Amino acid sequence: MFALFVQSLILAALGMGVVYISLILLMWTMQLLTWLYREQAQAPAQAVPSPPAAQENPLELVLAAAAAHFIETERPPLYVPPVTRRSTRWAARGRAGAPLRRPRRGTST
């Protein structure tokens, strides 16, 4: 019994050691990559042309604004499963608006 406990502790320590060593190696790799590419990240973006003045066709601006609005507000369609009368009482009680408790038998309201 005690031998199994000692083996489980050794296995746990080995597992945690592997995890921590891999995390340390990942951290060092990220620091190395940051150090190697820091000049590229600090370089200004000169390849991006400046947008032209408002001399464009106003129809293009309106269409661009409408497309942007459509992209921002579009949502996926809402799925509403069909409710049948053949469903069980258990399923019916799970729906919103179902009574919270079962009515008592034998009493009339």
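Right, let's get into the overall build of the chain. Scanning the chain for helices and strands turns up 4 helices and 0 strands. Along its sequence from the N terminus, the chain presents helices and strands in the succession α-α-α-α. Relative to its 109 residues, the chain shows a buried fraction of 1%. Carbon and sulfur atoms provide 68% of the accessible area of the chain, an area that totals close to 11400 Å².

So, about a nonpolar patch on the surface. On the surface, Phe2, Phe5, Val6, Leu9, Ile10 and Leu14 cluster together into a nonpolar patch covering about 620 Å² of accessible area. Residue position: Phe5 is located in helix H1 (residues 2–36).

The next subject is the confidence of the model for the chain. Mean pLDDT over the chain: 77, with 60% of residues reaching 70 or higher. By mean pLDDT, helix H4 (residues 89–93) is the weakest element of the chain at 68, and H1 is the strongest at 95.

Reading guide: rules and limits
Residues numbered from 1 in each chain as written. Predicted model: local features only at pLDDT ≥ 70, side-chain atom pairs only at ≥ 80, totals over all residues. Heavy atoms only, no water. Helix = DSSP H or I, 4+ residues; strand = E, 2+ residues; numbered from the N terminus. Buried < 20%, exposed > 50% of the residue type's maximum accessible area, 1.4 Å probe, protein only. Areas by Shrake-Rupley, 256 points an atom, 1.4 Å probe, with all protein chains shown as cover. Patch = residues over 30% accessible without salt bridge, like charges linked within 9 Å, V, L, I, M, F, W, Y side chains within 5 Å. Salt bridge = Lys/Arg side-chain N within 4 Å of Asp/Glu carboxyl O. pLDDT = per-residue confidence, 0-100.

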